[in-house]
Amino acid sequence: MKKILVLNGPNLNLLGLREPELYGKETYEDLKRFLVETASRLGCEVECRQTNHEGVLVDWIQQSRGVFDAIILNAAAYTHTSVAILDAIKAVKARVIEVHLTEPKEREDFRRVSYVGMVAEKTFSGKKFQSYSEAMEYSVNHG
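Now for a description of the structure that goes with this document. Note that the coordinates shown come from a computational prediction; the quantities given were computed from them, not determined experimentally.

## Overview of the overall build of the chain
A count of helical and extended segments in the chain gives five helices and five strands. Along the chain, helices (α) and strands (β) appear in the sequence β-α-α-β-α-β-α-β-β-α when read from the amino end. Taken over the C-alpha trace, the chain has a radius of gyration of 14 Å; the compact-globule value for 143 residues is 15 Å, and the two agree within 12%. Principal-axis analysis of the C-alpha atoms gives the chain an extent of 35 × 35 × 25 Å. By residue count, 45% of the 143 residues in the chain fall in the buried class. In the chain, of all internal contacts separated by at least 6 residues, the share reaching a separation of at least 24 is 76%. A total accessible area of about 7100 Å² is found for the chain, and carbon and sulfur atoms account for 48% of it. Each charge class in the chain was averaged separately, 19 positive and 20 negative side chains, and the resulting centres sit 3 Å apart.

## Thoughts on the pairing of strand β1 (residues 3-8)
Counting buried residues in β1 gives five out of six residues, a clear majority hidden from the surface. Here six bridges tie β1 to strand β2 (residues 45-50), and the two strands are oriented parallel to one another. Paired with K3 across the strands is E45, a residue of β2. Summarising the sheet, β1 and strand β3 (residues 70-74) pair through five bridges and their orientation is parallel.

## Observations regarding the pattern of salt bridges
Considering all chains together, one arrives at eight salt bridges under this definition. In this structure, E47 and R49 form a salt bridge, with 2.6 Å as the shortest nitrogen-oxygen distance. Relative accessible area serves as the criterion here: at 33%, E47 is assigned to the partly exposed category. With its nearest N and O atoms 3.0 Å apart, the salt bridge here joins K127 to E134.

## Section: the nonpolar core
L15, I72, Y132 and M136 are the most contacted members of the largest nonpolar core, which has 23 residues in total. Looking at this core, the elements with two or more residues in it are β1, α2 (28-42), β3, β4 (96-100) and α5 (129-141). The biggest single contributor to this core is α5, with six residues. Setting aside anything within four residues of it in sequence, one finds I72 in contact with I4, L5, V6, L7, I97, V99, Y132, A135, M136 and S139.

What counts, and where the lines are drawn
Residues numbered from 1 in each chain as written. Predicted model: local features only at pLDDT ≥ 70, side-chain atom pairs only at ≥ 80, totals over all residues. Heavy atoms only, no water. Helix = DSSP H or I, 4+ residues; strand = E, 2+ residues; numbered from the N terminus. Rg over C-alpha atoms; globule rule 2.2 N^0.38 Å. Buried < 20%, exposed > 50% of the residue type's maximum accessible area, 1.4 Å probe, protein only. Contact = heavy atoms within 4.5 Å. Areas by Shrake-Rupley, 256 points an atom, 1.4 Å probe, with all protein chains shown as cover. Lys, Arg positive; Asp, Glu negative; His and termini not counted. Charge placed at Lys NZ, Arg CZ, Asp CG, Glu CD. Pairing = 2+ DSSP bridges. Salt bridge = Lys/Arg side-chain N within 4 Å of Asp/Glu carboxyl O. Core = buried A, V, L, I, M, F, W, Y, C linked by side-chain atoms within 4.5 Å.

Structure below.
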């Protein structure tokens, strides 16, 4: 059974409150339930974590080596700024699928740069929770 680690970055704990016109009204707890249900449907295991701290994401990426088959990563704002996350992914040769609730390319110019995307195997974005579902299906069926 494949083991998938879902890592979520800053402010995702505020889903439902933060800009609901962009991110929707569903909460982070709703997302976690959705991920567990999706994993059950796909016959895989999922562990879901969220932090507002860049170094914690780096630690979790490093600790995933040899434990998880894939990482689904929504680095949120760190997507566009974190060379440290990029380097951690490269260092442990993690299999990363990038996810975004919104479509970064349709937002502010600075969101068009994705350090995670430079090393991610694939990116799913713009479909809210469905982006995660597609990423999980991909990670189970490819690799």
